[in-house]
Amino acid sequence: CALCQDFHLKMNLIRLFLAKSANMTHQYPALTPEQKKELQDIAERIVAPGKGILAADESTGSMAKRLNPIGVENTEENRRRYRQLLFTADERINSCIGGVIFFHETLYQSTDDGVNFSKLIKDRGIVVGIKVDKGVVPLAGTNGETTTQGLDGLSERCAQYKKDGADFAKWRCVLKISDTTPSELAIFENANVLARYASICQQNGIVPIVEPEILPDGDHDLKRCQYVSEKVLAAVYKALSDHHVYLEGTLLKPNMVTAGHSCPNKYSAEEIAMATVTALRRTVPPAVTGVTFLSGGQSEEEASVNLNAINNCPLAKPWALTFSYGRALQASALNAWKGELNNEKAATEEFIKRAEANGLAAQGKYESSGTAGAAGQSLYVANHAY
Amino acid sequence: MKRKRHFSHSLHFQKSHLLIHLLFTRMTHQFPSLSPEQKKELSEIAQKIVAPGKGILAADESTGTMGKRLQKINVENNEENRRCFRDLLFSVDPSIANSIGGVIFFHETLYQKANSGKLFPQVIKEKGIVVGIKVDKGTAGLNGTDGETTTQGLDGLSERCAQYKKDGCDFAKWRCVLKISDGCPSALAIAENANVLARYASICQQNGLVPIVEPEILPDGDHDLQRCQYVTEKVLAAVYKALSDHHVYLEGTLLKPNMVTAGHSCPKKFTPAEVAMATVTALRRTVPASVPGICFLSGGQSEEEASLNLNAINQVPLLRPWKLTFSYGRALQASALAAWQGKAANMKAAQEAFSTRAKINGQASKGEYKPSGTADTASMKSLYTASYVY
C-alpha cells in the first residue's frame, strides 16, 4: 500500500543518511550537484557547435604592443574604443562567438551610449569571461622558466567577477622547449598552480579555462612538440584530479602541436592536426567539455586552416575542438582601424570575417581562400609573453 | 657558369651540415621507446582483441585458484583435470570467435595440449583468437599499511615476455589489488600499484606484447556507489599518470578495471543503470580516448549480473570513445563448471553453457542484450536516476 511504500522510502533515506555519516560517500565533495550542473552548462554554451572564444583580454602592456604598430596611443579611451568596435559587431557573431575573455579594466568600461561592456556581451547571449592571473614570475634555479602568480585573494576576486557578470575565467601558464626545458619542476609547478586556480574558480561558479601554453620558440620539430605537449598535459590532468576539479566544468586552452618557429622542416596543416589530436587523445579525458586552442604566433589564416584540419582529423575526438583566439581574430581589424573613427565599420567587418571563418573551421567546414593580405602574415613575436 | 655551380654546391653543403647538426644536437623526441612498426603491431593486436562484439575469456586461474573452482564441483585439483576443463572450453565450435577476441592463459596451460594433441595456444590461434598470458606473480604486502598490497613479478619479466611471444602470446595481464575502507586505499598503495603496472606495461611493449593493465578495487565493504566512484577516479588518474611517466604507448594497451559498484555489504542496492552511469562517468574522467578498449573484470558478480551491467554500460547516453567489453573468468565459466561436474558425459552441456554466456556477453558489449522477460531499451533508459549526480 502507499503508506507502506512511503515508510520504506523514508527508512531507506534514513539508512542512507546514517550510512553517509558512518562512511564518507566520497571524501568531502567539493561541489554540490547544482554547482556541477551550472558549471557544465556554462562550459557547453561557450563551445556550442560552431562557436569559439574571442580572447580580448590583452593586458594594458600587451595592448601597447598592438596599438603602437598602427600608430595609436595606448590610452584607456583608445582601448575602450577598440574593444567597442569588436563588441558591437552585428548579430553575425552570435552564431560563432560563444564567449569573450575580458581584461579587468575592460569589464568595467562602457560603450559610447553608456552600456557596460559585460552587460552588452551577456545580453546578446555570449558568455563573459575574465583573465584572472597576474602574469609570470621566474622559477629560481631553472633555465629562465616561469610559473604564474595570482592566487592571493583569488576566491574573493572570483566572487566579485561572478556578480559583475563573468561566468568563466582564464589563467595562462607558460612553458618552453629547449635542450633543457621544460624541466620537471616547471611542468609540476605550472600544473599545480593551474589546478589551484581551477579549484578556486569552480567554488565561485566560474568555469576555469586551463591554459598550459608551450611556446613555439625554438628549432625543435613537430615530434618534439608533441612529446612535450603530452608530458605537460598528463601532468595537468593529474593535478586537476588531485585537486578534485570537476572536469566537465572546465575547458582546456592548449597550444596546437607545431614545430618550433626556427625549425627548418615545414609541416602541413594535416600533419599539425594529426600530431595535435593524437597528443590530446593520449592525455585529455573525454569528460572535458571542450578544447579551445590558442593561436600563438600563427597568422589569422594559418590559425583557421589548422583548426579546420584538426576538426577533419580522422580520429575519434570526444571533446569540442574550437578556438580561443586573440591576435588571430583581431590582426586585420586592428590594421583596418588604425585608430580612425571613419575606419571603425571596416575594422568591425574584418573581425566578423575572421569570426565566421573560425566558426566554420570549428566544424571542419572552412575553405581557405589563400593566404594573401594581412590574414596571411605570420604574427609570430619572439618569446611571446603578455 | 662556374659561379652558379659553386653557389649550388655550397647550398648543398650547408644543407648537409645543417642535417648533421640537427642529428647530433637536437633530439626529435627524447629516446623513443618503440619504433613505428612496433607501435603498429601493438595497436593492431589490441584492436583485434576488442573487435566489435568481442571480449576476453579470462582462463588464467592459477593452480591454487583452480583448486577453489574444482572443489566446488568435487573434482580433484590435478594437472589432468585442469587440462581437461580448459580443453572443454577451448575446443568449442569455432563460432565462439564471434564473441571471444582473446583468451588469457596461466603459464601451465600454455604448454598443455588438447585431446587432439594440439597445443592449446595453437587451438586458440586457429580460431582467430588472440592468445594472452598472466605474467604477475601474485600480491605482496606493503609494510606500514592497513593490509594493503602491491604485485610482484618484474624480475626477469622482459626475458619471460620474449619467450611467451615466441610461444604464441600477443598480450599479457597483470593484476593489482586495492581495497576501500576508512583508511584505504592509501596514497602509497595507489602510487605503488600504479607504478608497478606502468613498469610491467613498458616491459611488455618492448617485447611485442599488449599489456592489459588491471587495477582492481575490491567490492568488499559497505561503502556506497559514490565512494567507489570517487576511489576509482583517483586510482585511474594515478594509473594513467604513471603510464605517461613510463612512456607507455596507450594505443597498444587495454584496461581491465572493476565496474563502479557499491560494496558487497552496502545496505543500499543500485540498479544496472546506476552502476553503468557511475562506471562510464569515472572512465570518462580518467581514461584517455587513445586507449582502444576497456575490458571489465566481473569480480564477485553472478554471470547474469555481469552481463546486465555490461549491457547497461553500453547503453549509457554519454560519449564513450573506447570499446567497453568483458574480460570475465567466473562470469563466463560458472555454469560450465556446474554442468561439467568433472564428467566426460557432461562435456557437451558444459560447452553449451559456456558458449551461451560468451554469446550473451558479446551482445552485452554492444548494448544489445535482451534478457527474456525484462524491459526493453526504452524503459531501461527511464531507470537512470535523475537525482544522482555523478
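All figures in this text were calculated on a predicted structure; none of them were measured in a lab.

Calculation criteria
Residues numbered from 1 in each chain as written. Chains lettered and ligands numbered in written order. Predicted model: local features only at pLDDT ≥ 70, side-chain atom pairs only at ≥ 80, totals over all residues. Heavy atoms only, no water. 1 Å grid on protein atoms, 1.4 Å probe; cavity = no way out; pocket = protein on both sides within 12 Å on 5 of 7 lines; lining within 4 Å. Points joined across faces, edges and corners; volume = space filled by probe spheres on them. Helix = DSSP H or I, 4+ residues; strand = E, 2+ residues; numbered from the N terminus. Nonpolar A, V, L, I, M, F, W, Y, C, P; charged D, E, K, R; others polar. Pairing = 2+ DSSP bridges. Contact = heavy atoms within 4.5 Å. Axes fitted to C-alpha atoms, helices over the stretch in contact; angles between N-to-C directions. Phe/Tyr/Trp six-rings, centres within 6.5 Å; stacked < 30°, edge-to-face > 60°. Buried < 20%, exposed > 50% of the residue type's maximum accessible area, 1.4 Å probe, protein only. Expected span 1.5 Å × (residues − 1). Parallel < 35°, antiparallel > 145°, perpendicular 65-115°, else oblique. Left-handed = near helix turned anticlockwise from the far one by under 90°. Salt bridge = Lys/Arg side-chain N within 4 Å of Asp/Glu carboxyl O.

For the rest of this paragraph, the subject is the layout of surface pockets. Residues and elements named next belong to chain B. What the second largest pocket holds in volume is close to 880 Å³. Forming the walls of the second largest pocket are 35 residues, and the residues nearest its centre are Thr 65, Arg 69, Lys 134, Lys 173 and Arg 175. Going through the elements one at a time, helix H3 (63–72), helix H7 (157–166), strand S6 (171–178), strand S7 (210–217) and strand S10 (323–328) are the ones with two or more residues in the lining of the second largest pocket. Across the lining of the second largest pocket, the residue classes break down as nine nonpolar, eleven polar and 15 charged.

What follows deals with the sheet that holds strand S1 (residues 52–56) of chain A. Residue and element names in this part refer to chain A. Read around the closed barrel, eight strands run S1-S2-S3-S6-S7-S8-S9-S10, paired in parallel fashion. Summarising the sheet, strand S9 (residues 290–293) and strand S10 (residues 320–325) pair through four bridges and their orientation is parallel. Following the sheet pairing, Phe 293 is matched in S10 by Phe 323. Against the sheet, helix H9 (residues 222–242) contacts strand S6 (168–175), strand S7 (207–214) and strand S8 (251–252), and its axis sits at roughly 150° relative to S7.

When you line up the elements, Glu 91 of chain A lands in the loop between helix H4 (76–87) and strand S2 (97–102). Here the alpha-carbon distance between Glu 91 of chain A and Ile 209 of chain A, two residues 118 residues apart in the chain, equals 25 Å.

All right, on to the packing of aromatic side chains then. Scanning all chains against the criterion turns up ten aromatic pairs over all chains. Look at Phe 90 of chain B and Phe 120 of chain B: their rings are 5.1 Å apart centre to centre, the planes differ by 90°, and that puts the pair in the edge-to-face class. You can see Phe 90 of chain B sitting in helix H4 (residues 79–90) and its partner Phe 120 of chain B sitting in helix H6 (residues 120–126), a full 30 residues away along the chain. The two residues Phe 90 of chain B and Phe 120 of chain B agree in class, both being buried. Counting every residue linked through ring pairs, the aromatic cluster contains Phe 87, Phe 102 and Phe 117 of chain A.

What follows concerns helix H11 (residues 300–311) of chain A. Residue and element names in this part refer to chain A. In a regular helix each residue adds 1.5 Å, so twelve residues correspond to 16 Å; H11 covers 17 Å between its end C-alpha atoms and thus fits that length. With ten of its twelve residues buried, H11 lies for the most part within the structure. Considered for burial, the residues of H11 that qualify are Glu 300, Glu 301, Ala 303, Ser 304, Asn 306, Leu 307, Asn 308, Ala 309, Ile 310 and Asn 311. Here the buried face of H11 lies against helix H10 (269–281), S9, S10, helix H12 (327–337) and helix H13 (344–361).

With that settled, the discussion passes to the packing of helix H9 (residues 225–245) of chain B against helix H10 (residues 272–284) of chain B. The description of two packed helices rests on the angle between their axes and on the distance between the axes. All names here are of chain B. The geometry of H9 relative to H10 is characterised by a closest axis approach of 9 Å and an angle of 25° between their N-to-C directions. Between H9 and H10, the crossing angle belongs to the class labelled roughly parallel. Between H9 and H10 lies a crossing of right-handed hand. Listed contacts from H10 to Leu 225, Gln 229, Thr 232, Glu 233 and Leu 236 of H9 are Glu 274, Val 275, Ala 278, Thr 281, Ala 282 and Leu 283. Along the lines of polarity and charge, the residues of the contact of H9 with H10 split into six nonpolar, three polar and two charged.

What follows covers the pattern of salt bridges. Residues and elements named next belong to chain A. Applying the stated criterion across every chain yields a total of 39 salt bridges over all chains. The partner of Asp 57 in a salt bridge is Lys 131, with the nearest N and O atoms 3.6 Å apart. Of the two residues, Asp 57 is situated in the loop between S1 and helix H3 (60–67) and Lys 131 in strand S3 (residues 127–131); the sequence distance between them amounts to 74 residues. Of the residues examined, Asp 57 reaches a relative accessible area of 2% and is grouped as buried. Residue Lys 131 is classed as buried on the basis of its relative accessible area, which comes to 9%. When the shortest N-O distance is used, the salt bridge between Glu 301 and Arg 354 registers 3.1 Å. With Glu 301 in helix H11 and Arg 354 in helix H13, the pair connects residues that are 53 residues apart, well separated along the chain. Through salt bridges with shared partners, a single network forms among Asp 57, Lys 131, Lys 170, Arg 172, Glu 211 and Glu 213.

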